[in-house]
Amino acid sequence: ATGDKVKARYSFIYKFEDGEWKIAHHHSSMMPEAQLAASSGAPAPIPDAEVRSLFSLWNNALATLDPDEVAKRYSKAPCLLPTVSDVPRTDYDSIKAYFVDFLKKKPQGVILESYVTSGPGWCMDDGIYEFTMGATGDKVKARYSFIYKFEDGEWKIAHHHSSMMPEAQLAA
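Since the structure is predicted, the reported quantities are computational estimates derived from the model, not experimental observations.

A. Just a nonpolar patch on the surface, in detail. A surface patch of nonpolar side chains, amounting to about 760 Å² of accessible area, comprises Tyr10, Phe12, Tyr14, Phe16, Trp21 and Ile23. Put simply, the parts of the chain that give the nonpolar patch at least two residues each are β1 (8–17) and β2 (20–30). A total of four residues in the nonpolar patch trace back to one element, the largest contributor, which is β1. Inspection of the secondary structure puts Tyr10 in strand β1. Using a relative accessible area of 61% as the deciding quantity, one classes Tyr10 as exposed.

Spelled out as structure tokens, the structure:
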């Protein structure tokens, strides 16, 4: 015995026979998600801590101040809905162009609240983060969502939405 835990689904059918309840049918099987992931080539869901660590890859790319490094963190078919632009960015060139200006502020982010969901070949981290703009010292708190997909052997950002906190905007 290894002590490994296995998540499974099950069913029992009971019937009353000879004055007592007896199992007439029992079925037990592994959860299909892991099997489907293995057969599709998609990796199994990753632990929440690993999902949260994907933010560091993007944040470290920001620290290089190189828009090309940041744009490389996005998938082949991305969608970036940025904090300080009304224009959805849906390809490498438009994402890179957005970060040319944003990186001039020398942003570095910290996750304040994180909520993770994952499945075979994808994961999502959404919550609240705060950026310190190294160029000015200003702090900006925002809501975020990152949806990652496993692409070409690494986790890439397929969808990224960032928006300023609405209460701060309403108070202004």
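B. How the structure looks around the confidence of the model for the protein chain. Residues at a pLDDT of 70 or more form 89% of the protein chain, whose mean pLDDT is 89. Per-element averaging of pLDDT across the protein chain places helix α1 (residues 32–40) at the bottom with 57 and helix α3 (residues 67–71) at the top with 98.

C. Summary view of the packing of aromatic side chains. Counted under the stated rule, the structure contains 19 aromatic pairs. Arranged with centres 6.0 Å apart and planes meeting at 80°, the rings of Trp58 and Phe131 form a pair that is edge-to-face. Taken together, the residues Trp58 in helix α2 (residues 48–63) and Phe131 in strand β5 (residues 122–133) connect sequence positions 73 residues apart. Ring geometry for Tyr98 versus Phe99: centroids 5.0 Å apart, planes at 80°, classification edge-to-face. For the residue pair Tyr98 and Phe99, the accessibility class agrees, reading buried in each case.

The rules we used
- Residues numbered from 1 in each chain as written.
- Predicted model: local features only at pLDDT ≥ 70, side-chain atom pairs only at ≥ 80, totals over all residues.
- Heavy atoms only, no water.
- Patch = residues over 30% accessible without salt bridge, like charges linked within 9 Å, V, L, I, M, F, W, Y side chains within 5 Å.
- Areas by Shrake-Rupley, 256 points an atom, 1.4 Å probe, with all protein chains shown as cover.
- Salt bridge = Lys/Arg side-chain N within 4 Å of Asp/Glu carboxyl O.
- Helix = DSSP H or I, 4+ residues; strand = E, 2+ residues; numbered from the N terminus.
- Buried < 20%, exposed > 50% of the residue type's maximum accessible area, 1.4 Å probe, protein only.
- pLDDT = per-residue confidence, 0-100.
- Phe/Tyr/Trp six-rings, centres within 6.5 Å; stacked < 30°, edge-to-face > 60°.

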